[in-house]
Amino acid sequence: LATLTIATLSGFAAVYTEAVLKQGVKSKAHSSDMLSYMQIQMALASLLVIGVFALVLDMPVIVEKGLWAGFDRASCLAVCSSALGGLIVSAVLKYADSVLKGYATAASVIFTGLLSAALFGTELDGNFLVAAVIVTCSIVVYNTKAAI
């Protein structure tokens, strides 16, 4: 149930973000800067929420050891990877739409699975094969410009 809720809310958020971006382009009011402003607003909101959680849950550790306690190279790599992913998503949203973003995500999961099988010997079952075929077919159908 939680996964279904997360997927549904993510889909609604993607459609809403795309609608806001397309509406901004139509009105020509700061259309080139709209995505940057939205990203800054989302970052500030997430910093506020994460900051409150950190203060509530980890205040004694922060006071005793400092804010950066336990922050090592792996943590830096994870933060940089997440930031790069956010920049890539914003570029996709700026130059494409949420449907293409969904297809890109699905294709990346398939590609990661294939790499995992090739490099680490992960066994891919029938569900993976069926999902890969469905995603590949849907990408082909979406990109076919046949007149209906």
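Up top you'll find the structure we're talking about.
Further remarks concern the overall build of the protein. Helices and strands together make up the secondary structure of the protein, namely 5 helices and 0 strands. The order of helices and strands in the protein, counted from the N terminus, is α-α-α-α-α. Within the protein, the proportion of its 148 residues that are buried is 12%. Relative to all contacts within the protein whose residues are 6 or more apart in sequence, the contacts with residues 24 or more apart total 48%. A total accessible area of about 11700 Å² is found for the protein, and carbon and sulfur atoms account for 72% of it.

What follows concerns a nonpolar patch on the surface. Among the surface-exposed residues, L48, V49, V52, F53, V56 and L57 lie close enough to one another that they form a single nonpolar patch of about 630 Å² accessible area. As for its placement among the helices and strands, L48 is situated in helix α2 (residues 34-65).

Moving on: the side chain of S116. Inspection of the secondary structure assignment puts S116 in helix α4 (residues 98-120). A polar side-chain atom of S116 sits 2.7 Å from a polar atom in the side chain of T122. Residues in contact with S116, not counting those within four places in the same chain, are G121 and T122.

Enumeration according to the criterion identifies 2 aromatic pairs in this entry. Taken together, a centroid distance of 5.4 Å and an interplanar angle of 70° make the contact between W68 and F71 edge-to-face. You can call F71 partly exposed: its relative accessible area is 39%.

The next thing to look at is the packing of α4 against helix α5 (residues 126-143). At their nearest, the axes of α4 and α5 sit 10 Å apart, and the two run at 145° to each other. Considering only the axes of α4 and α5, their crossing is left-handed. Residues V99, L100, Y103, A106, A107, V109, I110, G113 and L114 of α4 touch α5, and the partners they reach there are F128, A131, A132, V135, S138, I139 and Y142. Partitioned by chemical class, the residues of the contact of α4 with α5 number 14 nonpolar, 2 polar and no charged.

Let's shift gears to the environment of A96. With respect to the helices and strands, A96 occurs in the loop between α3 (73-95) and α4. Residue A96 is classed as partly exposed on the basis of its relative accessible area, which comes to 23%. It is 9.3 Å that separates the C-alpha atoms of A96 and E18, two residues lying 78 residues apart in sequence.

Between the first and last C-alpha of α4 there are 32 Å, a value that for 23 residues agrees with the 33 Å anticipated at 1.5 Å per step. When we look at burial in α4, the residues that qualify are S98, I110, G113 and S116. Where α4 terminates, the next one or two residues include G121, which has phi positive at roughly 75°.

Each value, and the rule that gives it
- Residues take numbers from 1 onward in each chain, read along the sequence in its written order.
- Per-residue local features of the predicted model are confined to residues with pLDDT of at least 70, and side-chain atom pairs are confined, for both listing and counting, to 80 or more; whole-chain, interface and lining totals are unaffected and use all residues.
- Side-chain descriptors were evaluated using all non-hydrogen atoms of the structure, hydrogens and water having been removed beforehand.
- Each helix is a run of DSSP H or I of at least 4 residues and each strand a run of E of at least 2, with the numbering of both proceeding from the N terminus.
- Residue burial is assigned from relative accessible area. The probe radius is 1.4 Å, only protein chains are included, and a residue is buried under 20% of its type maximum, exposed over 50%, and partly exposed in between.
- A contact between two residues is defined here by any heavy atoms of the two lying within 4.5 Å.
- To be clear on the numbers: accessible area is Shrake-Rupley with a 1.4 Å probe, and residue cover counts the displayed protein chains and nothing else.
- Here a patch means residues that are over 30% exposed by relative accessible area and free of salt bridges, tied together within 9 Å if like-charged and within 5 Å if nonpolar (Val, Leu, Ile, Met, Phe, Trp, Tyr).
- The rule for a salt bridge is simple: a side-chain nitrogen of Lys or Arg has to be within 4 Å of a carboxyl oxygen of Asp or Glu.
- N or O atoms within 3.5 Å of each other form a polar contact, as long as, within protein, one can give a hydrogen and the other can take it, and as long as residues adjacent in sequence are counted only when both atoms are side-chain atoms.
- Only Phe, Tyr and Trp rings are paired, with Trp represented by its six-membered ring, and only when their centres lie within 6.5 Å; those with planes under 30 degrees apart are stacked, over 60 edge-to-face, the remainder tilted.
- Axis definition: a line fit to C-alpha positions, over the contact stretch in the case of helices; interaxial angles, taken between N-to-C directions, run 0 to 180 degrees.
- A crossing counts as left-handed when the near helix is turned anticlockwise from the far one by less than a right angle, and as right-handed when that turn is clockwise.
- Gly is put with the polar residues, along with every residue not named as nonpolar or charged; the nonpolar set is Ala, Val, Leu, Ile, Met, Phe, Trp, Tyr, Cys and Pro, and the charged set is Asp, Glu, Lys and Arg.
- One less than the residue count of a helix, multiplied by 1.5 Å, gives the span that helix is expected to have.

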